[in-house]
Amino acid sequence: MDSSIVMLLMIDAAGGSVEGRTTLQKWFYFASVKTKLDFGFIPHFYGPYSEVVTRTLNDLIASDFLYEAGRVTRHDRIIYTYTLTEDGKKISADLRERHNELYQNLKEIVDTCTNVVGNNINILSWAAKVYYLLQSKGKQITYGEIKNIGKNLGWKLSEDEIDSAVKLLSALKLAKKED
Amino acid sequence: MPKKKTNENKIDKKTISIRDPLYGFIELTRKEKELLNCRVLQRLTRIKQLGHTYIVYPSAVYTRFEHSLGTMHVAGRISEQLQLSEDDTRLVRLGGLLHDIGHGPFSHVFEQVLDEITGETFSHAKVTSLILENNKELRKTLKGIKEELSEILTFIKGDVKCEILSGPLDADRLDYLRRDSYHTGVAYGIFDFERVARNLCIIRDEERDYIGIHEKGKDAVESYRMARYLMHTQVYQHHTRLIAEDMFLRAVRFALDENVLDEDSLNPNTDIDRFLEYFLSLDDNSIQYLIVNKSKGKARKIILNLMNRKLLKRAYIIPISTEAIPDYTKRMKFVNMKHEQIEKLENEIASKAGLGPDELILHMQSTEIKLYENLEQASNIEEKPILIKHYNGLIKQIGEESPFSASYVPKKLYVFCVDKEKERVGKIAEEIIGIKNHYSSREQ
């Protein structure tokens with residue numbers, strides 16, 4: 001499946017707009033896990049990262065299917081938002097009809113991530129990273145293991161945030177309670 | 001054990017200095033000097049770092065050899081900054097010196113030849129690894145450290161030593177950007193190297209360690225990213241260089257068809273020894289003279305044209321943007337265009353124009369260097385975001401806080417052809433593709 005199709009459908013599933021490059025990366029990662037599509041994710045400090053995703057995003061902006069806008073937060077950080085352009089909306093509507101099953105799968109992932117962690121990219125990244133680590137080590141992905149490995153990552157997350165990450169992986173059906 | 005290391009270090013103290021336009025002098029140890037005289041290293045003196053860029057920038061003729069020395073020097077400088085042990089520093093410097101021995105004639109363009117022959121991605125890094133593993137002269141010189149060196153050059157461990165040689169702020173790029181800039185005369189590649197080097201730091205993680213940069217060096221890194229981006233748009237992606245490389249690639253394909261080049265000997269998956277002997281006999285000069293002397297067909301014609309700067313010219317260009325292609329369904333087709341589709345389109349245009357494959361070439365250009373995370377370079381090593389370590393200890397990705405947005409240079413589809421046919425070909429391409437020629441409209 002072409003990564004540009006997945007990206008357009010994913011942003012469409014999110015209501016036509018997504019905030020944050022990291023958010024897109026992590027949504028794509030969970031989509032690749034759930035749908036078995038390979039986007040070449042490699043490990044990185046902020047969790048799995050895909051060059052394909054970055055390049056696809058650039059291609060779609062350069063060809064006027066996505067629009068990027070940046071805003072400076074009160075902490076002097078810049079948050080970028082990606083919105084479907086008019087042509088982006090038209091092509092997404094075509095793609096939704098042609099790839100409805102994929103669209104529904106992506107929508108479920110996007111909705112789950114949004115409902116459980118909202119715009120908190122730290123929790124999203126942390127969950128993706130812990131899942132990636134456990135999976136690559138061939139370990140059972142249980143609540144206990146997630147918390148165990150997570151504590152050693154050295155990220156400054158509160159207990160509540162860690163609980164949210166566990167909740168997210170559970171809602172995505174990627175983690176289970178201990179047997 | 002520590003005593004033995006000290007003795008080794010005494011023996012391996014820096015013994016000679018070589019002048020370098022960027023660093024003044026580069027000092028070498030006995031072992032490094034010994035390696036310089038190996039055949040695989042000397043071969044790099046006959047492979048231009050920038051391939052066919054000299055066709056656009058005549059002074060861009062420096063070789064992989066100078067760059068390898070520079071990379072070794074910078075790798076050592078980074079190792080010292082990160083306070084690596086003497087053994088690790090020595091290893092990383094050797095890695096820097098040897099990291100490019102797997103390059104073929106005219107550098108990266110030859111990787112495509114190996115990709116096509118093997119049917120897999122066969123980067124120069126893979127060839128480097130094969131050479132390290134099998135070259136007798138190197139094995140003898142690197143006795144005792146070959147395995148470890150091979151690990152860091154093939155990025156198996158993915159630790160700090162690997163990142164010094166291949167990462168978002170690696171010695172390779174920190175050297176070649178400034179060196180390319182110096183040799184082309186294009187000033188865009190200049191950045192504050194010392195500021196970057198002095199602020200590199202190790203960012204520790206459960207999984208592994210990363211190289212990041214302290215907040216103090218953030219602006220210097222922004223300048224480095226800008227330098228990379230501009231060097232790509234101005235030098236590496238220059239349309240004349242692109243067509244020169246495409247012509248060379250086509251000549252090599254013809255040479256393989258004409259049995260002027262031996263395809264079996266160029267396949268590392270058949271007989272490694274035969275492959276390495278043949279591959280290492282090829283450099284910028286030998287491959288051109290081999291083709292010119294042995295070929296009686298199109299391969300010879302193309303190489304002679306290249307040598308005499310009789311290049312194919314632009315006949316048709318379309319940027320993949322709304323202005324050029326308002327129809328969104330058509331535009332989307334170009335975004336997703338695969339290699340086979342480009343080849344099919346080329347055949348169609350060439351056939352209608354009555355031109356042969358040596359006279360017309362299609363090229364889909366995509367400026368892959370962007371100003372944020374995506375700093376993809378010519379080698380096929382995957383890119384990762386640069387990490388910034390703030391004063392308060394927080395680690396952030398540069399893309400999340402850089403004032404530079406990504407640079408959205410549209411992809412461009414080029415049709416190149418022989419000079420005398422460019423007007424006619426431009427019209428044929430316009431008719432077949434169904435989109436107005438951006439090149440002619442710009443000229444008018």
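Model, not experiment: these values are computed from the prediction. (Residues numbered from 1 in each chain as written. Chains lettered and ligands numbered in written order. Predicted model: local features only at pLDDT ≥ 70, side-chain atom pairs only at ≥ 80, totals over all residues.)

Colleague: Sorry if this is basic, but what is going on with the overall build of chain B here?
Modeller: In terms of regular secondary structure, chain B is built from 21 helices and nine strands. Per-residue burial over chain B gives 45% buried out of 444 residues. Here the analysis covers contacts within chain B between residues at least 6 apart in sequence; of these, 69% occur between residues at least 24 apart. (Helix = DSSP H or I, 4+ residues; strand = E, 2+ residues; numbered from the N terminus. Buried ≥ 20, exposed ≤ 12 C-beta atoms within 10 Å, placed from the backbone. Contact = placed C-beta atoms within 7 Å.)

Colleague: Just to check I follow, could you spell out the overall build of chain A for this structure?
Modeller: Along its length, chain A carries eight helices and five strands. Order of helices (α) and strands (β) in chain A, N terminus to C terminus: α-β-α-β-β-α-β-β-α-α-α-α-α. Against the compact-globule benchmark of 16 Å for 179 residues, chain A has a radius of gyration of 16 Å, which places it among compact chains. Overall, the C-alpha framework of chain A stretches about 45 × 40 × 25 Å when taken along its three principal axes. Buried positions account for 48% of the 179 residues belonging to chain A. Partitioning the contacts of chain A with sequence separation of at least 6, the portion at a separation of at least 24 is 66%. (Rg over C-alpha atoms; globule rule 2.2 N^0.38 Å.)

Colleague: What exactly am I supposed to notice about the domain arrangement of chain B here?
Modeller: Think of interface size as the accessible area that goes away when the parts come together; that is how it is often given. Taken domain by domain, chain B comprises domain 1 (10–232 + 387–400) and domain 2 (312–367 + 409–444). Taken over C-alpha atoms, the centre of domain 1 of chain B sits 37 Å from the centre of domain 2 of chain B. (Domains from an automatic or database assignment.)

Colleague: I would appreciate a short explanation of helix 19 (residues 339–353) of chain B in the present structure.
Modeller: Residues and elements named next belong to chain B. The end-to-end C-alpha separation of helix 19 is 21 Å, in line with the 21 Å expected for 15 residues at 1.5 Å each. Taken together, the buried positions of helix 19 are occupied by Ile349, Ala350 and Ala353. When helix 19 is viewed along its axis, its buried side chains cluster within an angular range of 95° and face the same direction. Facing away from the buried surface of helix 19 by more than 90 degrees, the exposed residues are Glu340 and Lys344. Gly354, located one to two residues past helix 19, shows a positive phi value of around 70°. (Expected span 1.5 Å × (residues − 1). Arc of directions from axis to C-beta.)

Colleague: Hey, could you run me through the pairing of strand 4 (residues 209–214) of chain B in this one?
Modeller: Remark: a regular strand shows side chains that alternate across the two faces of the sheet. Residues and elements named next belong to chain B. One ladder, built from five bridges, connects strand 3 (residues 200–204) with strand 4; its direction is antiparallel. Of the residues in strand 4, the one forming a bridge with Ile202 is Ile211. Judged from the two bridges that link them, strand 4 and strand 7 (residues 387–389) form a sheet pairing that is parallel. Counted as the bridge partner of His214 is Lys389 from strand 7. (Pairing = 2+ DSSP bridges.)

Colleague: Looking at this model, I keep getting lost on the packing of helix 7 (residues 124–134) of chain B against helix 15 (residues 272–281) of chain B. Mind explaining?
Modeller: The description of two packed helices rests on the angle between their axes and on the distance between the axes. Residue and element names in this part refer to chain B. Relative to each other, helix 7 and helix 15 sit at 110°, their axes nearing to 11 Å. Looking at the two axes, helix 7 sits roughly perpendicular to helix 15. Handedness of the crossing formed by helix 7 with helix 15: left-handed. Only Ile272, Asp273, Leu276 and Phe279 of helix 15 make contact with helix 7, whose side of the interface consists of Val127, Leu130, Ile131 and Asn134. In terms of residue class, the contact of helix 7 with helix 15 is built from six nonpolar, one polar and one charged. (Axes fitted to C-alpha atoms, helices over the stretch in contact; angles between N-to-C directions. Parallel < 35°, antiparallel > 145°, perpendicular 65-115°, else oblique. Left-handed = near helix turned anticlockwise from the far one by under 90°. Nonpolar A, V, L, I, M, F, W, Y, C, P; charged D, E, K, R; others polar.)

Colleague: Explain the sheet that holds strand 5 (residues 313–319) of chain B here, please?
Modeller: Residue and element names in this part refer to chain B. One open sheet accounts for three strands, arranged 5-9-6; its pairing is antiparallel. Taken across any chain shown, the strands that pair with only one partner, and hence form the sheet edges, are strand 5 and strand 6 (360–365). Ignoring which end each strand starts from, the neighbouring axes of this sheet average 15° apart. Sheet analysis places strand 6 next to strand 9 (residues 412–417), joined by six bridges and oriented antiparallel. Residue pairing in the sheet places Met364 in a bridge with Leu413 of strand 9. Where helix 20 (residues 422–433) meets the sheet, its contacts fall on strand 5, strand 6 and strand 9, and the angle it forms with strand 5 comes to roughly 30°.

Colleague: It is not clear to me how the confidence of the model for chain B should be interpreted in this structure. Could you clarify?
Modeller: All names here are of chain B. Considering every residue of chain B, the mean pLDDT works out to 86; 86% of them sit at 70 or more. Every residue in residues 1–11 scores below 50 in pLDDT, and together they form four contacts with partners more than four places removed in sequence or on other chains. For this predicted complex, the interface confidence score (ipTM) comes to 0.76, while the overall pTM stands at 0.81. (pLDDT = per-residue confidence, 0-100.)

Colleague: In this structure, what is going on with unusual backbone geometry? I would like to understand it.
Modeller: Trans is the common state for peptide bonds, and a negative phi is the common state for residues other than glycine. Residue and element names in this part refer to chain B. The backbone of Phe106 shows a phi angle near 60°, a positive value even though the residue is not glycine. Looking at the element boundaries, Phe106 is found in the loop between helix 5 (86–98) and helix 6 (109–118). For Phe106, a count of 23 C-beta atoms within 10 Å corresponds to the buried category. Not every positive phi belongs to a glycine, and Asn259 is a case in point at roughly 60°. Structurally, the position occupied by Asn259 is in the loop between helix 14 (239–257) and helix 15.

Colleague: How do you make sense of the nonpolar core when you look at a structure like this?
Modeller: Across soluble globular proteins, nonpolar side chains have a tendency to be buried as a group. By size, the foremost hydrophobic cluster in this structure holds 161 residues, and its most contacted members are A:Leu9, A:Met10, A:Leu106, A:Ala127, B:Ala251, B:Val415 and B:Val425. Per element, the largest residue contribution to this core is eleven residues, and it comes from helix 6 (residues 121–136) of chain A. Both domain 1 (10–232 + 387–400) and domain 2 (312–367 + 409–444) of chain B contribute no fewer than three residues apiece to this core. Residue contacts for A:Met10: discarding those within four places in its chain leaves A:Trp27, A:Ala31, A:Leu106 and A:Val110. (Core = buried A, V, L, I, M, F, W, Y, C linked by C-beta atoms within 7 Å.)

Colleague: Explanation requested: the pairing of strand 2 (residues 24–29) of chain B in the structure shown.
Modeller: All names here are of chain B. Pairing of strand 1 (residues 14–20) with strand 2, which is carried by six bridges, proceeds in the antiparallel orientation. Within the sheet, the bridge partner assigned to Lys14 lies in strand 2 and is Thr29. What sits between strand 1 and strand 2 in their antiparallel hairpin is a turn of three residues.

Colleague: Help me understand helix 4 (residues 64–81) of chain B in this model?
Modeller: Each full turn of the α-helix corresponds to 3.6 residues, which orients residues three or four apart in the same direction. Residue and element names in this part refer to chain B. Here helix 4 is 18 residues long and its end C-alpha atoms lie 25 Å apart, about the 26 Å a rise of 1.5 Å per residue gives. The buried fraction of helix 4 amounts to 15 of the 18 residues, a majority that puts the element mostly inside the structure. Two residues or fewer after helix 4 comes Gln83, characterised by a positive phi angle close to 55°.

Colleague: In this structure, what is going on with the packing of helix 2 (residues 21–35) of chain A against helix 6 of chain A? I would like to understand it.
Modeller: All names here are of chain A. At their nearest, the axes of helix 2 and helix 6 sit 10 Å apart, and the two run at 35° to each other. Crossing handedness for the pair helix 2 and helix 6: left-handed. Packed against helix 2, whose contacting residues are Thr22, Thr23, Lys26, Tyr29 and Phe30, the element helix 6 presents Ile121, Leu124, Ser125 and Ala128 at the interface. Here the residues of the contact of helix 2 with helix 6 are counted per class, giving five nonpolar, three polar and one charged.

Colleague: Would you take a moment to explain the environment of B:Lys427 for this structure?
Modeller: All names here are of chain B. Within the secondary structure layout, Lys427 lies in helix 20. With 15 C-beta atoms packed within 10 Å, Lys427 lands in the partly exposed category. Separated by 166 residues in the primary sequence, Lys427 and Leu261 place their C-alpha atoms 36 Å from one another.

Colleague: What's the story with the environment of B:Ile272 in this structure? I'm lost.
Modeller: Residues and elements named next belong to chain B. For Ile272, the location among the structural elements is in helix 15. Exposure remark for Ile272: the 14 C-beta atoms within 10 Å place this residue in the partly exposed category. With 138 residues separating them along the chain, Ile272 and Asn134 place their C-alpha atoms 8.2 Å apart. Leaving out residues up to four positions away in the same chain, Ile272 has contacts with Leu130 and Asn134.

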